[in-house]
Amino acid sequence: MRLTLPVFLSTLPFIGIAPLAAEVDYGKSVKPLLKERCYSCHGGLKQKAGLRLDTVAGMLIGGDEGPALAPGDAGKSHILNRILATDLDERMPPKHEGEPFTTAQAQLLREWIAGGAKGPVDEKPESDPREHWAFRQRVRPPVPEIENAAWANNPIDAFIARQHQKHGILPQKQAPREVLIRRLYLDLIGIPPTPAEIAATENDDGWYDSTVNRLLNDPRHGERWARHWMDIWRYSDWWGLGDQLRNSQKHMWHWRDWIVESLNANLPYDEMLRQMLAADELYPADPQKLRATGFLARNFFLFNRNPWMEETVEHVSKGLLGLTMNCTKCHDHKYDPITQVDYYRMRAFFEPVHVRLDAVPGETEFDKNGIPRVFDGLPSEPTFRYIRGEESKPDKSAPIAPGVPALLEFAPLEVRPVELPLAGREPERNAWVMESHLAAAQKKNADAKDGRGRELAKAELEGVEARIRATRAEWSGGDAREDAIRAEQRIAVVNARHAVADAEAILEKADAQKKPDAEKKVTDARDKVVKSEKALTEPVKPDAMFTRFAGAQWTPTRFKDSTKDDPRIGFPASSTGRRSALAAWITDTRNLLSSRVAVNHIWTRHMGQPLVATMFDFGRKGAGPTHPELLDWLASELVESGWDMRHIHRLIVTSATYRMSSSLLGAEASVARDPDNHQMWHRLPQRIESEVVRDSLLALAGELDTTLGGPSIPPAAQDASKRRSLYFFHSNIEKNRFLSTFDAADVKDCYRRDQSIVPQQALAMSNSALVHNAAEKIAARITNAAPDESGFVRAAWMQILAITPNEAEFAASTRSLAEWRALPGGNDTTARTHLVRALLSHNDFVTLR
């Protein structure tokens, strides 16, 4: 039988003969592959062995070993031979730079070469990394002149309007007043407006600006925006088994309170960063500022120092600089001009860091309270480069000094040691330390009820007083040790005598089986009395010491012992000055990245979409800015205003861009031109954060506790708590279930919150006790203000959703009320509660329009 050509060709795969391959598309297939696997060493960033692979012309020219390509002859093409090499020293990419090419990838390259290695005639090489937008010096751009000048409220709008003009897009009209009021309240303070606050805007032409100014100066603004920055700066309460701290420190809430207070005081952004990085060097005698170093203390890790250091480098770089330096711990960065050595130079800034708890006024027990903070407790700790990033393979031949990547260095880094005040190295000298111990002893003495209690309390008070005298004498060059030591010995005698009485009482009640053990305990207790009484009669040894007051407590680790076992050893008298030098570099007005990163975070949380989508990666692998000139204008405005964040908030929320409606009605042409709203021609609806959902429920119910600050609410007490969600204990393993359902912050990494829509959220709004309890109280409050049914319906829609119900919505609401009243046991109260619950389950309650 004779086969026709098509039939014959169709049999080829089955008889072992490959069909003719289609021509490989260089632009779609080969170039992306080479960019992914080869450009980091042979592109614009670096040219190892003098070779560039980012253009076909560059491959034909080749490098130190000659041309990389022999078009039409894959076997003679150096690039393919190196990719297929079995010798790991010859293979590309090298084993420490990545996995080998897959069989399919190598075959793709082979076919492209065999087909003539064709590429575009006008192919451009990769640009110089120094020309990347984020690595160019920030320059304040001029505010553009626009055709739609009447629409613009401030320069932000001019930059946005120019893009509208360029793309032929019209911006949406301004949102209704009630929508704007809710938007401002939830955005700036995280709490919905009250009916009175809504009503106050009705006849006030200047209501918008006055509302903005009032909310920016409201103490709740600091709480609202603290949560945003806590996401970025990775706030976490401690977690672990017992006292085994795995990340963070106990009493980390002090740092949280510092953030709230700093925002409410409008502390400049650059000063906040300086304090977080180096308050112990810049303000070593100021406990209020020392709280800021919780930013670094939060990274503490009990068992191993390396992950502690790695997380510090990674998130200082991502959170403050928008750089992904974490990948360079193993090798040079594949996209940005950051070397492996640069990673360890950054780590060297933090290598000396240890953590401790400082005493706070009125408290003597560190388990109950204390300020978690950092200090240079290990000033001589060297930094070594880990070969291929392996901790077990440090290169000890060359200790690494602190420094920043060369591309980002605008001036020589000056690291100067910082001499600390006396109270810094001997924190017990702070007046409140001895005052707290004395007050505690006096209270115990005053509260003592029985004879034994009074005897011990009196002895302890005398002991504290003697220790105070001895401590002060020692500070002034005197010696009153014996008085203090004798007082402590008298306390030991009292305790020993009480122990005998307790042991004898147990012996008296013991049965025959337990009696031998009880008799031994009595004997041991009596022996201790004899020894303690004898110690009182013997001379005090010259080297004997009394118990020192503790002004601070080292946090012990499994990898480095502390001085906790020797009370005579205090803390270092100086600090290396490394972190204050780093802080000065990051907050210098010449820094290329820090101001851009800051305004991108602020813009994102106001507008729902970032100017730079990869918020922690401004490098060459990240996304470029959608509005580069606006980004630089805002960054310049931040710096030139004295890093005034409140100024940036005001500019954004008073802009016409911010005030646009989120509705797409009548915008069919704009949707067609820009369906993803890249040009910001309408407001982007946002899912409100978990904390705002819960806090809004309590606020509408009139139950929200507005107390500022204080210790975190433990998980067991959260269901009953009426405090703002900001104050809930939140760690990697202890998270509030309701908040987690609505995408609470991941304490490991949360540069931008997830905005999920899942069935569990609807179930929580329908079935949780929180919502049920709130609905009853919300319904009662609205009823008190609007007793008639018509007024109730309209007030409920307005207060809960910021919506004036249309005819259909109003009719559906009144019809539902009638149906609920008709149910068994139904009445006005239950019906109105049902309506409130229905509105709380409405999508617009969890959405910021």
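From a predicted model like this one, the values you see are computed outputs, not experimental measurements.

*Asks:* With reference to specific residues and values, describe the packing of helix H24 (residues 594-607) against helix H26 (residues 645-653).
*Replies:* Helix packing geometry: the angle between the two helix axes and the distance between the axes. At a closest axis distance of 11 Å, the pairing of H24 and H26 adopts a crossing angle of 40°. When the axes of H24 and H26 are compared, the pair comes out oblique. With respect to the hand of their crossing, H24 and H26 are arranged in right-handed fashion. Residues Ile602, Trp603, His606 and Met607 of H24 form the contact with H26, whose own contacting residues are Met645, Ile648, His649, Ile652 and Val653. Grouping the amino acids of the contact of H24 with H26 by side-chain chemistry returns 7 nonpolar, 2 polar and no charged.

*Asks:* Which residues make up the pairing of strand E2 (residues 371-376), and what values do they have?
*Replies:* For E2, a buried count of 6 out of 6 residues is recorded, marking the element as mostly surrounded by other parts of the structure. On E2, burial covers both faces: Ile371, Arg373 and Phe375 on one face and Pro372, Val374 and Asp376 on the other are all buried. Here strand E1 (residues 353-358) runs beside E2; their pairing, made up of 6 bridges, is antiparallel. Looking at E2, one finds that valine 353 is bridged to aspartate 376.

*Asks:* Let's hear about the pattern of salt bridges: which residues, and what values?
*Replies:* In total, this model carries 61 salt bridges according to the counting rule given. Where lysine 444 meets glutamate 460, a salt bridge forms, and the shortest distance between an N and an O atom there is 3.4 Å. Note that lysine 444 is positioned in helix H19 (residues 431-447) and glutamate 460 in helix H20 (residues 451-475), a separation of 16 residues in sequence. Look at lysine 444 and you get partly exposed, because its relative accessible area is 48%. Bridged by salt links that share partners, the residues Glu223, Arg694, Asp695 and Arg724 form one connected network.

*Asks:* Kindly report on the environment of leucine 726, identifying the contributing residues and their values.
*Replies:* Along the polypeptide, leucine 726 turns up in the loop between helix H29 (690-700) and helix H30 (737-741). Separated by 653 residues in the primary sequence, leucine 726 and aspartate 73 place their C-alpha atoms 66 Å from one another. In this structure, leucine 726 is in contact with Glu223, Arg227, Met230, Arg256 and Val260, ignoring residues within four places of it in sequence.

*Asks:* Requested: an account of helix H16 (residues 305-321), with residues and values cited.
*Replies:* Helix length check: H16 (17 residues) gives 23 Å between terminal C-alpha atoms against 24 Å at 1.5 Å per residue, within 8%. Counting buried residues along H16, 15 of its 17 residues qualify, which places the element largely inside the surrounding structure. The opening residue of H16, the one whose side-chain oxygen lies 2.7 Å from the backbone nitrogen of asparagine 306, is asparagine 304. Remark: glycine 322 follows H16 within two positions and exhibits a positive phi of approximately 65°.

About the thresholds
Residues numbered from 1 in each chain as written. Predicted model: local features only at pLDDT ≥ 70, side-chain atom pairs only at ≥ 80, totals over all residues. Heavy atoms only, no water. Axes fitted to C-alpha atoms, helices over the stretch in contact; angles between N-to-C directions. Helix = DSSP H or I, 4+ residues; strand = E, 2+ residues; numbered from the N terminus. Parallel < 35°, antiparallel > 145°, perpendicular 65-115°, else oblique. Left-handed = near helix turned anticlockwise from the far one by under 90°. Contact = heavy atoms within 4.5 Å. Nonpolar A, V, L, I, M, F, W, Y, C, P; charged D, E, K, R; others polar. Buried < 20%, exposed > 50% of the residue type's maximum accessible area, 1.4 Å probe, protein only. Pairing = 2+ DSSP bridges. Salt bridge = Lys/Arg side-chain N within 4 Å of Asp/Glu carboxyl O. Expected span 1.5 Å × (residues − 1). Polar contact = N/O pair within 3.5 Å; in protein donor to acceptor, adjacent residues only side chain to side chain.

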